Amino acid sequence: RDGRSDWSSDVCSSDLLEIHVLTAIFLLATTALADDGGFDHTHGAFDSVLDGAVSNAGVNYGTLGGRRAELDAYLEDVANADVSGFSRNQKLAFYINAYNGYTLALILDNPSIASIRDLNGGNPWDAVRFPVAGESLTLNDMEHRRVRRWGDARIHAAVNCASKGCPPLGPDAFTASGLDGQLDRAAQRWVTTNAYNWSGSTLQVNEIFTWYDEDFVKWAETRELPTADHQDTVSFLQAYGADFSGHPLTASELSIEALPYDWSLNKR
């Protein structure tokens, strides 16, 4: 062979290698899209629904009612999503938003109620099923089987049961990329609103700390914090902004009791 033919052969080999590399990249990209079904992990549609309708003071259901078509469209995407390729944070954000979105829809479907417990004999969390990622799930399924399973006590500040006793619904949708910071802000929002109260030397805490005590114990244990005598609850409250200055904090001095849960609708 002469120099020209050698050069031509090298170019052809190089071109083939480049084609193979580009093909592999394309296949990987299309596989990634297929794994999550092209789902919008920014949850932008749900963000638009919540925008301006939600604050620490509660939910403007009148405003949300005017956005029902947008909420239904988002929940249709939730119903048809393929979560098999979702990451841990993508799944957690997905199911928190699904819980909150379907809870809002449930209230919009029943505009005359004074409390979510007016529905289904007081237990809509088990009585009503919703389409989520190809499954038929109750609200309790979403919370306990899909969200709590990740062992993060902050989620109790994120899922919202449409009641004044519940931690305030956040003003935006949860996303995988911002999840850790959003859960921190949700916990801070809860602690600065209705997570606790002082009555003399008695620390009164939201009943969620009693109902799901094991989650807060795990939270404290992962941070090597004490858990006896409700110290896990105290540590959680302090971590997210509780002001205990001037109050006794030792186990022998501190008295803790649960605040009565307010099930009235979180409307404003």
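## What to know about the pattern of salt bridges
Side chains that differ in charge, positive against negative, can pair when their charged atoms come close.
Then comes step 1: Using the criterion set out here, one finds 10 salt bridges in the structure.
Then comes step 2: Between Arg146 and Glu135 there is a salt bridge whose closest N-O contact spans 2.9 Å. Highlighted residues: Arg146 in helix α7 (residues 139-147) and Glu135 in strand β4 (residues 135-138), separated in sequence by 11 residues.
Then comes step 3: You can call Arg146 buried: its relative accessible area is 16%.
Then comes step 4: Residue class for Glu135 comes out partly exposed when judged on its relative accessible area of 33%.
Then comes step 5: When the shortest N-O distance is used, the salt bridge between Arg148 and Glu214 registers 3.1 Å. In this pair, Arg148 sits in the loop between α7 and α8 (179-191) while Glu214 sits in helix α10 (residues 213-222), placing the two residues 66 residues apart along the sequence.
Then comes step 6: Through salt bridges with shared partners, one network takes in Asp152, Arg154, Asp180 and Asp184.

## Here we look at the packing of aromatic side chains
Then comes step 1: All told, the structure shown has 21 aromatic pairs when counted by the stated rule.
Then comes step 2: Measuring from ring centre to ring centre gives 4.8 Å for Trp211 and Tyr261, while their planes differ by 50°; the resulting arrangement is tilted. Here the residue Trp211 occupies a position in helix α9 (residues 208-211), and Tyr261 occupies one in the segment after β7 (255-258), the gap between them amounting to 50 residues.
Then comes step 3: Exposure remark for Trp211: the relative accessible area of 36% places this residue in the partly exposed category.
Then comes step 4: It is Arg117 that lies over the ring of Trp263; its NZ or CZ is 5.0 Å from the centre.
Then comes step 5: Lying over the aromatic face of Trp150, Arg149 brings its terminal NZ or CZ to 4.7 Å of the ring centre.

## Side note on the nonpolar core
Then comes step 1: Counting residues in hydrophobic clusters, the biggest one holds 79 residues, and the most contacted among them are Phe94, Val132, Tyr196 and Leu237.
Then comes step 2: No other element matches helix α5 (residues 88-109), which puts 13 residues into this core.
Then comes step 3: Apart from residues no more than four positions distant in its own chain, Leu237 is found in contact with Val191, Ala195, Tyr196, Leu203, Val205, Phe209, Ala242 and Phe244.

## Quick word on the pairing of strand β6 (residues 202-205)
Then comes step 1: Residues of β6 alternate between two faces, with Thr202 and Gln204 on one and Leu203 and Val205 on the opposite face, all of them buried.
Then comes step 2: Examined bridge by bridge, strand β5 (residues 196-199) and β6 share 4 bridges and lie antiparallel to one another. When the bridges of β6 are listed, Tyr196 appears paired with Val205.
Then comes step 3: Taking the residues between adjacent antiparallel strands as the criterion, β5 and β6 are bridged by 2 residues, where Gly200 takes a positive phi near 65°.
Then comes step 4: Judged from the 4 bridges that link them, β6 and β7 form a sheet pairing that is parallel. Paired with Thr202 across the two strands is Ser255, which belongs to β7.

## Describing the packing of α10 against helix α11 (residues 231-239)
Then comes step 1: The geometry of α10 relative to α11 is characterised by a closest axis approach of 9 Å and an angle of 70° between their N-to-C directions. The angle between the axes of α10 and α11 places the two elements in the roughly perpendicular class. With respect to the hand of their crossing, α10 and α11 are arranged in left-handed fashion. Taking contact as the criterion, the partners of Asp213, Phe216, Val217, Trp219 and Ala220 in α10 are, on α11, Asp232, Ser235, Phe236 and Ala239.
Then comes step 2: Here the contact of α10 with α11 is built from residues that sort into 6 nonpolar, 1 polar and 2 charged.

## Here's the deal with the environment of Gln238
Then comes step 1: Mapped onto the elements, Gln238 comes out in helix α11.
Then comes step 2: Owing to a relative accessible area of 37%, Gln238 belongs among the partly exposed residues under this scheme.
Then comes step 3: Residues Gln238 and Gln188, 50 residues apart in the sequence, show an inter-C-alpha distance of 9.7 Å.
Then comes step 4: Excluding its chain neighbours within four sequence positions, the residues that come into contact with Gln238 are Phe244 and Leu249.

Conventions adopted
- Residues numbered from 1 in each chain as written.
- Predicted model: local features only at pLDDT ≥ 70, side-chain atom pairs only at ≥ 80, totals over all residues.
- Heavy atoms only, no water.
- Salt bridge = Lys/Arg side-chain N within 4 Å of Asp/Glu carboxyl O.
- Helix = DSSP H or I, 4+ residues; strand = E, 2+ residues; numbered from the N terminus.
- Buried < 20%, exposed > 50% of the residue type's maximum accessible area, 1.4 Å probe, protein only.
- Phe/Tyr/Trp six-rings, centres within 6.5 Å; stacked < 30°, edge-to-face > 60°.
- Lys NZ or Arg CZ within 6 Å of the ring centre and 35° of its normal.
- Core = buried A, V, L, I, M, F, W, Y, C linked by side-chain atoms within 4.5 Å.
- Contact = heavy atoms within 4.5 Å.
- Pairing = 2+ DSSP bridges.
- Axes fitted to C-alpha atoms, helices over the stretch in contact; angles between N-to-C directions.
- Parallel < 35°, antiparallel > 145°, perpendicular 65-115°, else oblique.
- Left-handed = near helix turned anticlockwise from the far one by under 90°.
- Nonpolar A, V, L, I, M, F, W, Y, C, P; charged D, E, K, R; others polar.

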